[in-house]
Amino acid sequence: MPALVAIRFTADVTAKFEQRIKAGKAPKQVITAIMRKLINLTDALLTKGRKWQTRVA
């Protein structure tokens, strides 16, 4: 579920989702890739002791 929320409300993740859908990937496959990306991002933030910073467009 966090992947779906990220796809809806985070501009970077939404752009990546739309890019992969246009490339012909199946929606479930793209959601799984987004989940993996979020796990890697979370691990990196926790390892370095940083907080999430939203980019301002």
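Everything that follows concerns the structure shown earlier in this document.
Let us look at the structure shown here. Remember, predicted model here, so these are calculated numbers, not experimental data. Residue numbers run consecutively from 1 along every chain, following the written order of its sequence. Where totals are concerned, whole chains, interfaces and linings use all residues; where local detail is concerned, this predicted model gives features only for residues with pLDDT of at least 70, and gives and counts side-chain atom pairs only at 80 or more. Heavy atoms throughout the structure, all of them, feed into the side-chain values; hydrogens and water do not.

A word on the overall build of the protein chain
Part 1: Along the protein chain, the regular secondary structure elements total three helices and zero strands.
Part 2: Helices and strands in the protein chain line up, N terminus first, as α-α-α.
Part 3: Taking the principal axes of the C-alpha coordinates as reference, the protein chain spans close to 35 × 25 × 20 Å.
Part 4: Taken across its 57 residues, the protein chain has 16% of its residues classed as buried.
Part 5: Values of accessible area rely on a 1.4 Å probe in the Shrake-Rupley scheme; residue burial ignores everything except the protein chains shown. Carbon and sulfur atoms provide 59% of the accessible area of the protein chain, an area that totals close to 5100 Å². The helix and strand labels rest on DSSP assignments: H or I over at least four residues marks a helix, E over at least two residues marks a strand, and numbering proceeds from the N terminus. Think of it in three bands: residues with accessible area under 20% of the maximum for their type are buried, residues over 50% are exposed, and the middle band is partly exposed, with areas taken using a 1.4 Å probe on protein chains only.

Brief notes about the environment of R8
Part 1: In this fold, R8 is placed in helix α1 (residues 2-9).
Part 2: Assessed through its relative accessible area of 66%, R8 is described here as exposed.

Here's the deal with the packing of α1 against helix α2 (residues 11-22)
Part 1: In this analysis, axes come from line fits to C-alpha atoms, helices being fitted only over the stretch in contact, and the angle between any two N-to-C directions falls in the range 0 to 180 degrees. Two elements in contact, α1 and α2, have axes whose closest approach is 6 Å; the angle formed by their N-to-C orientations is 95°. Our classification of the angle between α1 and α2 gives roughly perpendicular. Here α1 contributes A6, I7, R8 and F9 to the contact with α2, which in turn contributes A11, V13, T14 and F17.
Part 2: Classification used: nonpolar for Ala, Val, Leu, Ile, Met, Phe, Trp, Tyr, Cys and Pro, charged for Asp, Glu, Lys and Arg, polar for all others including Gly. In terms of residue class, the contact of α1 with α2 is built from six nonpolar, one polar and one charged. In these notes the angle categories are as follows: under 35 degrees is roughly parallel, over 145 is roughly antiparallel, 65 to 115 is roughly perpendicular, and the rest is oblique. We call two residues in contact whenever any of their non-hydrogen atoms come within 4.5 Å of each other.

A word on the layout of surface pockets
Part 1: Points on a 1 Å grid, built from protein atoms alone, make a cavity when a 1.4 Å probe fits but cannot get out and make a pocket when they are open with protein on both sides within 12 Å along at least 5 of 7 lines; residues with an atom within 4 Å of a point are the lining residues. Grid points are joined across faces, edges and corners, and a volume is the space filled by probe spheres set on the points. Roughly 420 Å³ of volume is contained in the largest pocket.
Part 2: Every residue lining the largest pocket is counted, 17 residues in all, and those nearest its centre are D12, L41, L45, W52 and Q53.
Part 3: Breaking the lining of the largest pocket down by element, the ones donating at least two residues are α1, α2 and α3 (27-48).
Part 4: No other element matches the seven residues that α3 contributes to the lining of the largest pocket.
Part 5: Among the residues making up the lining of the largest pocket, the classes are represented as eight nonpolar, three polar and six charged.

Brief notes about the nonpolar core
Part 1: Residues A3, A6, I7, V13, F17, V30 and I34 constitute the largest nonpolar core, which totals seven residues.
Part 2: Where this core is concerned, the elements lending two or more residues are α1, α2 and α3.
Part 3: Residue contributions to this core peak at three residues, all from α1.
Part 4: Ignoring sequence-local partners within four residues, the contact set of I34 consists of A3, I7, V13, K16 and F17. Definition of nonpolar core: a set of buried residues of the types Ala, Val, Leu, Ile, Met, Phe, Trp, Tyr and Cys, connected through side-chain atoms within 4.5 Å.

Keep in mind these numbers describe shape, not what the thing actually does.
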